[in-house]
Amino acid sequence: MNSDVIIIGAGPGGYETAVYAAKKGLSVTLFEQRKAGGTCLHEGCIPTKCLCRSAEIADTITDCDTWGFHVSAPTIDFRRIMERKNEVVAQLTSGIEFLLKHKLITYIPERAELFDAHTVISESGEKYTAEHILIATGSTAKRPPIEGCDLPGVLTSTEMLDIDHIPQKLCIIGAGVIGLEFASIFRSFGSTVTMLEYAKEILPNFDSDISKRLKQVLSKRGIEFYNQAAVESIERSGAQLLVHYTHKGKECSTEADIVLIAVGRSPRVESIGLDNAGVRYSPKGIETDDTLRTNIPGIYAIGDVNGHCMLAHAASFQGRKVIDHILGIDNRIKLDIIPAAVFTRPEAGMVGLTEEECKQRGIPFTAKKTLFRANGKAISMGEPDGLCKLITDENGKIIGAHIFGAHAADLVQEVSALMNRETTVAQLKEMIHAHPTLSEILQECAREF
C-alpha cells in the first residue's frame with residue numbers, strides 16, 4: 001500500500017500530525033501497537049491530571065474550616081478516583097479514534113518497523129511505502145540499574161497509575177516533574193512521602209528560585225526530601241520495602257509500601273528498524289536537524305523519540321513543522337519557546353531561558369521578581385505562596401518566565417505568547433489586565449524593571 005506519509009506511533013505527535021497532514025490533503029498511514037493517544041493519554045499527562053484534581057478536592061475539603069464550612073473528615077474512595085480517571089481516558093481515546101476516521105487516514109493498530117528508507121513492514125507482514133516517514137514512537141519509563149529494582153511493589157509511573165490502594169508509605173526515587181506530581185498527589189491522599197533525589201536540587205531543569213520555593217512549600221505539606229541521595233539497593237523486609245541510599249556520605253535507609261522509580265524517560269528507539277534504514281541514533285534518541293529530519297532523506301523523527309523536548313505539545317508542533325516542511329509552507333513555529341509545567345500544589349511553570357542558562361551562555365540579562373502575596377486574587381483564593389520571575393535581554397525583550405504558585409501553568413502561557421511576538425517588558429507594562437486576576441502578577445513583575 002502506498003501513501004504520501006507514513007507515521008509510526010499514534011501519541012500526540014503521531015495522531016495530531018496525521019490529522020493535520022490529512023487536512024492539508026496528504027494521504028497518511030498511521031501505525032500504533034497499543035492504543036491511540038500514547039503515553040500522554042494513557043500513562044502520563046491526562047491520568048495524572050485526573051488524580052491532581054482529586055487531590056485538590058481532598059485538600060479543599062481538609063481545609064474547609066478556612067472557608068466557613070464545617071464537615072466531618074472525608075473518606076477517600078480510591079476505587080472511584082481511579083474509575084473516574086479511566087472514564088476520562090476512555091472518553092478522550094474515543095475522541096481520537098473518531099478523528100482518525102478521516103478519509104485520507106488509514107489507521108493500522110499494529111506494530112510497524114522500518115524496512116528501508118521508504119518502506120515499513122507491519123506486524124502482520126504487510127509492506128507499506130511512502131515518500132516521507134515520520135517516527136513518533138515516544139519513550140518508556142527508565143529503570144536504573146539498582147539492585148532490587150524489579151521487586152514487586154517497585155513501580156514506574158506506568159504501573160503507579162493502576163494501583164488499587166493508597167500506600168501508607170511511599171518512597172519516590174527522583175524529584176523531577178513526574179516524581180513531584182505523584183508526591184503532591186499522594187500526600188494529599190494521606191500517604192507519608194519520602195523523596196530521594198541524586199541532584200543537589202529538585203527540578204534540575206527549572207530555575208533555581210522556583211525549585212527552591214517549591215521544595216519549601218512541599219516540605220511544609222509534610223513531604224520529606226533528601227537531595228544528593230544515591231540509591232544503592234532495594235530489598236524486601238517482611239511486608240515492607242527497604243530502600244538503602246547514601247546521603248551526603250552517610251548510609252541511610254527508608255521503609256515503604258511502594259517505591260516509585262521516577263528518574264525520567266528513555267526514547268523508544270528499539271524494535272523499530274532504525275538500523276534497516278541506516279538512521280543514526282543513540283540512547284539519547286534519534287539524531288535530527290532543525291527541521292526534524294534524520295540523516296536519511298525522507299525520514300523524520302518527532303516527539304520524545306528524538307530526545308529534544310519530552311513534552312506532548314512539543315511533539316505535536318514538531319509534527320506540524322515537519323508537514324509544513326514537506327509541503328513547502330513557511331512555518332514560523334519557534335521550537336525554542338516551549339512552555340512547561342509541574343502540576344504539584346502549588347504549580348510551577350516556565351518558558352524560555354533560566355538565569356543559570358543565561359550565565360552559561362554569556363547572555364546579558366536582567367531578572368526581576370514579584371510575589372503572589374501582593375496580589376489580591378491570590379490572597380482571596382487563599383494561595384499566597386508564589387513567585388513570578390521575568391528575564392529580559394539587554395534590549396528589554398522577554399526571554400524567560402518562571403512562575404511558582406496557583407495556576408502557574410496558565411500564567412506562563414501568556415508570557416509564551418508574548419515571547420513568540422518578541423514583546424518587551426515596556427510593552428507588557430502597557431497591556432491592561434483585568435482586576436482582580438492572577439495575571440496582574442505578570443504586569444506587576446514587568447513594572448519592577
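Computed from a predicted structure; not experimentally measured.

*Asks:* Before we move on, can you summarise the packing of helix H1 (residues 12-23) against helix H9 (residues 312-327) with the specific residues and values?
*Replies:* Direction vectors running N to C along H1 and H9 enclose 35 degrees, while the axes themselves pass 8 Å from each other. Regarding H1 and H9, the two cross each other, and that crossing is right-handed. The segment H1 lies against H9, with Pro12, Gly13, Glu16, Thr17, Tyr20 and Ala21 engaging Ala312, Ala315, Ser316, Gly319, Arg320, Ile323 and Asp324.

*Asks:* With reference to specific residues and values, describe the nonpolar core.
*Replies:* The biggest cluster of nonpolar side chains holds 39 residues, and the ones touching the most others in it are Met160, Leu170, Ile172, Leu180, Phe186 and Met195. Of the residues forming this core, the biggest block, 5 residues, is contributed by helix H6 (residues 177-188). Non-local contacts of Ile172, meaning those with residues more than four positions away in its chain, are made with Gly179, Phe182, Ala183, Val193, Thr194, Met195, Leu196, Leu260 and Ala262.

*Asks:* Break down the sheet that holds strand E20 (residues 340-342) for me, with residues and values.
*Replies:* Spatially, E20-E21-E24-E23-E22 is the arrangement adopted by the 5 strands of the open sheet, whose pairing is antiparallel. Each end of this open sheet is capped by a strand with a single partner; those strands are E20 and strand E22 (366-371). For this sheet, the mean angle separating the axes of adjacent strands, direction not counted, is 10 degrees. In terms of strand pairing, strand E21 (residues 347-352) meets strand E24 (residues 398-405) through 6 bridges, oriented antiparallel. Within E24, the position partnered with Glu347 by the bridge is Gly405.

*Asks:* Help me get a handle on the environment of Ser439, residues and values and all.
*Replies:* In this fold, Ser439 is placed in the loop between helix H13 (425-429) and helix H14 (440-446). Of the residues examined, Ser439 reaches a relative accessible area of 17% and is grouped as buried. In contact with Ser439, not counting residues within four places along its chain, are Leu411, Glu414 and His433.

*Asks:* Tell me about the sheet that holds strand E9 (residues 169-173), and please be specific about residues and values.
*Replies:* Within the open sheet, the 5 strands sit side by side as E8-E15-E9-E10-E11. Their pairing is parallel. The outermost strands of the open sheet, each flanked by one partner alone, are strand E8 (154-155) and strand E11 (224-227). As paired strands, E8 and strand E15 (residues 258-261) are joined by 2 bridges and run parallel to one another. Counterpart to Leu155 in the pairing with E15 is Leu260.

Criteria and thresholds
Residues numbered from 1 in each chain as written. Predicted model: local features only at pLDDT ≥ 70, side-chain atom pairs only at ≥ 80, totals over all residues. Heavy atoms only, no water. Axes fitted to C-alpha atoms, helices over the stretch in contact; angles between N-to-C directions. Helix = DSSP H or I, 4+ residues; strand = E, 2+ residues; numbered from the N terminus. Left-handed = near helix turned anticlockwise from the far one by under 90°. Contact = heavy atoms within 4.5 Å. Core = buried A, V, L, I, M, F, W, Y, C linked by side-chain atoms within 4.5 Å. Buried < 20%, exposed > 50% of the residue type's maximum accessible area, 1.4 Å probe, protein only. Pairing = 2+ DSSP bridges.

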